[in-house]
Structure formats: C-alpha cells, structure tokens
Amino acid sequence: MQNVRLWDWRALADTNEQLQSIRSYYKFNDIDIDRYALNGKPQEVMIAARELDQSLLPDTSRSFVNDRLVYTHGFGVVANGVSDFSTEGAPVYAVKDIPPVSNGGFVNISEPRIYYGESANEFAIVKGNSSEFDYPQGDANKQYQYTGNGGIRLSMLNRLAFSFVNQNINILISGQISSESRIMVYRNLQERVKHIAPFLEVDSDPYIVVDPEGKLFWFGQGYTTSQYFPNSEYYDAGTELNGKVINYIRNSFMYTVNAFDGTTTFYLIDKTDSIAATIDRVYPGLFKTLDEAPSFVKEHYRYPSGLGALQSRVFSKYHMTDPRVFYGQEDKWAVEKERYLGTDSTIEPYYIFFRLPGSTKQVFSLVTPFTPVGKDNLVGLIAISSDITSPDRVSVIKFSKDRVVYGPFQVEARIDQDTEISKTLTLWNQQGSQVLRGNMLILPVDGSLLYIEPIYLQSSSSKMPQIKKIVAATKDKLVWGDNLDQALSSLLGTTVDIGGVGPATTEPGPVVVPPDTGTTGGTATPGTVTAEQKALIAEAVATMTRYKQYTSTGDYVKAGEELKALEAVLAKLDALKAP
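Each chain carries its own residue numbering, running from 1 in the direction its sequence is written. Residue-level local features of this predicted model are given only where pLDDT is at least 70; pairs of side-chain atoms are given and counted only at 80 or more, and the full residue set underlies all totals for whole chains, interfaces and linings. For side-chain calculations, the full set of non-hydrogen atoms in the structure is used, while hydrogens and water are omitted.

### A short note on the packing of helix α10 (residues 408-417) against helix α11 (residues 419-428)
Part 1 of the argument: Packing of α10 against α11 brings their axes to within 5 Å, and their N-to-C directions diverge by 80°. Regarding the angle of α10 to α11, the classification is roughly perpendicular. In this structure, α10 uses Ile 415, Asp 416 and Gln 417 to contact α11, whose residues at the interface are Thr 419, Ile 421, Ser 422 and Leu 425.
Part 2 of the argument: The nonpolar class holds Ala, Val, Leu, Ile, Met, Phe, Trp, Tyr, Cys and Pro. Asp, Glu, Lys and Arg form the charged class, and all remaining residues, Gly among them, are polar. Its residues assigned to classes, the contact of α10 with α11 shows three nonpolar, three polar and one charged. To get an axis, fit a line to the C-alpha atoms, keeping to the stretch in contact for a helix; angles then go from 0 to 180 degrees between the N-to-C directions. Helix and strand definitions here come from DSSP, where helices need a minimum of 4 consecutive H or I residues and strands a minimum of 2 consecutive E residues; each element is numbered from the N-terminal end. To sort the angles, those under 35 degrees are grouped as roughly parallel, those over 145 as roughly antiparallel, those from 65 to 115 as roughly perpendicular, and the leftovers as oblique. We call two residues contacting when some pair of their heavy atoms lies within 4.5 Å.

Structure, rendered in structure tokens:
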C-alpha cells in the first residue's frame, strides 16, 4: 500500500509546471513512472526531465549564437513518490529545484545537464569561444563550458560540410566557433535512434532514468515489425508507430542514450524473435546482450505502454478460445473507461506495483482493466510484468460471469450517487475552483478488489491541482478520507497506519464515546454519555464539517449560518452537562 499511486500524471504535470519549471523556457514534456530503491525499499516514483525549449525564449533573444551556442541544454529532473503529498495537497519532491536537490534517499544528481532529449530538435555547438547558459541563479545566470566528449569536432573541413548540410553560413564564418568546438547533431531521441538503426521502429514514450552514480539516461524500446506475417490480422498501431498498419510486432530491443554526451547503446532483449536474431547477425557488434548490460538497465526496464495498449486491443477479441463464441463475437471485451475533467475516455494502461492473487511478491507491472462491450462491469485484468528476467510476464485475471464485479466507471457512478461526497464535490466545483478525478486503480487484495481514486482541487484561473481527498471502495462500501490511512480506516472499520503515504490528517478524528452505562434521560451520572448527548455531538461534528467546506470555497454567508447553528448545538450540549 505504500506504493499506491495517488498522483495522476495529468494533474502532476500541471503542478510541476507551476512549482518546478522555474523559468519560462524550461519545459516538462512528460511524466514518467518508474521505480527506485529509496532507503532500502522499492518505491514507485514519478520523474520528469526539465528540458530547455528554445521556442519559449523571447523573440528579442533569438540569434545564431544564442540558439546554437548559448542556450544548449536543459537542467535536471524533478521526482516524487507516487503516494506522497503535503498537508496542502502538493507533491513531496524527492528531487527538486535548480541545481537539483535530492532527499528521501534519492541519489544525488551528479550530472544534471540534458543535451539530448525529447525537446532537442536542432543542433547545438559546445566548447565555443563564449560560455553556455547553464542555469538561472538569482538576478544573473550561471555560465558553463562543456567538459564532455559528445558531438563531432568542428575542423575547418567539418565546418564547411555542416554549413552546407544545414544551409547555415554562420557555422563557417562565426567567430564564436574554434577548432576545439564540437557540434551535436540528431539530439532528438527518436531521430537519433532512427539514424543509427533505421531498420527498427521505436516507441513513442522514452523515459528518463537516474543511474546509481547520479547520471541521466534516456531509455526506450525498439520494435521489429512486419506486414507479411502469415495468418495474422492487421492492426493500426496508432500513435505508437505513427499510424503504421502491421500484423507482427515484438519489442526485441531496448536502447539507452546518455543525456549529457549522447552515447547510444542498443540491447537485444528477445533472442527468440527470428527477425531480431537476423538483424543481430547482419550488424555484428551493434547490439549488446542483457548479460553485458549494467544492473541499472535491467532494474529500470519498463514494458512499453504503447505496445501494451495495442496488445490489449488484440486480446479483447482473441481471448475467446471457443470457435463458436469467437465466430459470434459474443464475448468481446473493451478497455474500461474513466472520467477526467468531466470527460469520459478509455483508460490508458497504467504502471503500478501489482501483486497477483496467491502471490506474495509485488511486481512493477503495466495493468489494463476490461469490460464487456457496451457494459461497465469488470470482466478481466491484464498485468504485464516489467521484470525483464521473468519467464512468465503476462498474467490475465478473469472474473466470474455469474455475478457483477464493479468496473471503474460503475465506481465513478457510485461516487456521484453518494450524497455527502456528491454534495461536497458540487460545492468545490464553484467559486473559481474545479474538481479533478485521477486514475482509479484496481488492486486485488486477499480475494477481493480494492478501488482507489484521488480527488484533486484546482483553481480555474491557475492550473495547480492539489490532492484533497482519497476515495476507497469495495463492492459493498465506498468512503473517502483526507489521506489513504483515513480512507482505509473508514472502509475497514479499524485503524490503518500504512506509514509514509500522504500527510497525517489535520482534521479532528471521529468522536469516540464509551458505551451507555447510565440513564437515557436529560442528565447523566459522571462518566456516562446519554443518547441525546451522542446525537448532539454528531450534529456538532457534521455542522463543523459543513462550516469548513463553505469557508474553503469562499461562501462566507452559508459559513456564518453554520457557525450560528454550531453555537446553538453547543449551547444545548452544555445544558445537558451533569451537575
């Protein structure tokens, strides 16, 4: 439970932009989900690279020298535990700020500069006669001279060649370039990999990794594909392969790119793929084996979500093994839906630590829930392990067809139908604020299913979502709390202390009263609580809760009414005190 993902990547992306982009020219392209060992324990982490986007620079600062020799690189990453948030509902960062500061057991970033990445679409020249912009520091800027070996040395012949190729005479004539300068080309990850290995298709979502020495690497997947595999159906691979239609795909390769010097390494991870084995023989020495890979490469391998989404589409049809059922397509599945920003959409496969029924081991997995076509009840889950050494990586959980198992969308409907929750969400959606619902996670726990969904609140004028509530549900009960401990305690009817998940609640806990041992009339003997006192205590707690809700949304008129009501209740309670 310490790795239950309470941060939705969409909400976190907006919050990171507000809290950690630092300057207008820095950009977080994506939020990547990975796992790290923090203080000796496996922890699911959300991490994002702070890249420099030159298109965000002021027009007055754009020039050949600034674009190619000064503003050359991004700087550092931000990272946070998936379940950690402050009392204000903000992320608790394991890595933050410029220069990056690490805490919570996260490795110190030794080389934060990002010359190669998802936003680096143009060439850069380093080791020029003027210094590069490194990072902002107060009213001035920190300067830097590149110390690595990335790029190609610009001899006079190379200057002439690159000037011709790029149709840019400044490369040849600029006085800021010396014979020691180096030009970095193909800095965009996908472009770089395609130029080195054009026979591979690459995935659409590379992710940033911090190695044990604090250096930054990009990880990505390389696919072998075909349109000619016998007796196979054609599928549009969608955004994963830019709409390419294929009937065979295997993620047989992976690659790493050093974000500082561009060193690119390919690994063959599936020797049983005949196409991959043939490519390996055609290009000897280009691909390394997993045995040659550093340990952190295997530890941070992640099953590609785009491929998982494609496989889910295929499996929704081909899970049917009875020919008659398959012919009638009577048991076809669909990927479950979720609600975000008031819009219903298909759930994207999500990464979580997942424990299969009957297993004691939690595995970092890519999970996809399924419903029958046209229905919202849950019929199956696919969990694909990211343990690259595991022989059995794909697990399918099928649910009974003779009873209803709630799907995420049905739990969403239960949230809407809960009078207290619905009333609060309606209030929050007014007065310049907006309610967001995060990913609903489905967790098999001891033979049953546990549903967890975070609720965020953000200003309508400035996108900076904050976690305000956690919804927890089973098939029989749905509750929410200020943190996961509180939600699970309400759900299970006993105190739950997971530890390290969200802040301790600042709200008063439930009122605990001793069993009735005295009279049930208007007064009580010392040490007893009457039924009438219990009712007044419960009414006071409910009134105080409404008062806080109204003040948090700025409705001070109704808040004043609730305060008067509270005074009246307390006066009645005071009158019942024993003499």
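### Here we look at the pairing of strand β31 (residues 448-459)
Part 1 of the argument: Within β31, 10 of the 12 residues are buried, leaving the element largely enclosed by the surrounding structure.
Part 2 of the argument: Two strands qualify as a pair provided DSSP detects at least 2 bridges between them. Across five bridges, strand β29 (residues 433-437) lies against β31 in antiparallel orientation. Bridge pairing links Arg 437 to Ile 455 in β31.
Part 3 of the argument: Two strands pair when backbone bridges link them, and strand β30 (residues 441-445) and β31 are joined in this way by five bridges, in the antiparallel orientation. Across the sheet, Leu 443 pairs through a bridge with Leu 450, a residue of β31.
Part 4 of the argument: Here β30 folds back onto β31, and the loop between the two strands holds two residues, one of which, Asp 446, carries a positive phi near 50°. Under the scheme applied here, a residue whose accessible area is under 20% of the maximum for its type counts as buried, over 50% as exposed, and between as partly exposed, the area being computed with a 1.4 Å probe on protein chains only.

### Quick notes on the layout of surface pockets
Taking a probe equal in size to a water molecule and rolling it over the atoms shows the remaining empty space.
Part 1 of the argument: Volume-wise, the second largest pocket comes out at about 780 Å³.
Part 2 of the argument: Here a cavity means grid points, on a 1 Å grid over the protein atoms only, where a 1.4 Å probe fits yet cannot get out; a pocket means an open set of points with protein on both sides within 12 Å along at least five of seven lines; lining residues are those with an atom within 4 Å of a point. Lining the second largest pocket we find 32 residues, and of these Ser 305, Gly 306, Ala 309, Glu 348 and Pro 349 sit closest to its centre.
Part 3 of the argument: Among the secondary structure elements, those contributing two or more residues to the lining of the second largest pocket are α1 (9-20), β2 (32-38), α8 (305-318), β24 (343-346) and β25 (350-354).
Part 4 of the argument: Among the elements that take part in the lining of the second largest pocket, α8 stands out by supplying six residues, more than any other.
Part 5 of the argument: Residue composition of the lining of the second largest pocket, by class: 11 nonpolar, 10 polar and 11 charged. Grid points are joined across faces, edges and corners, and a volume is the space filled by probe spheres set on the points.

### Some remarks on the environment of Asp 418
Part 1 of the argument: Along the chain, Asp 418 falls in the loop between α10 and α11.
Part 2 of the argument: The partly exposed category is assigned to Asp 418, whose relative accessible area is 22%.
Part 3 of the argument: Here the alpha-carbon distance between Asp 418 and Val 479, two residues 61 residues apart in the chain, equals 8.9 Å.
Part 4 of the argument: When near neighbours in sequence (up to four residues on either side) are disregarded, Asp 418 contacts Lys 423 and Leu 478.
Part 5 of the argument: Polar contact is the term for a pair of N or O atoms within 3.5 Å; when the atoms are in protein, one must be able to donate a hydrogen and the other to accept it, and sequence-neighboring residues count only if both atoms are side-chain atoms. Only 3.2 Å separates the side chain of Asp 418 from the backbone nitrogen of Glu 420, close enough to count as a polar contact.

### Observations regarding α11
Part 1 of the argument: Three or more residues of α11 are buried, namely Ile 421, Thr 424, Leu 425, Leu 427 and Trp 428. Along the axis of α11, the buried residues cluster in a sector spanning 160°; they form a single face.
Part 2 of the argument: The backbone nitrogen of Glu 420 has a side-chain oxygen 3.2 Å away, supplied by the residue at the start of α11, namely Asp 418. As used here, the arc belongs to the directions running from the helix axis to the C-beta atoms.

Limitation: the analysis is restricted to geometry and does not speak to function.
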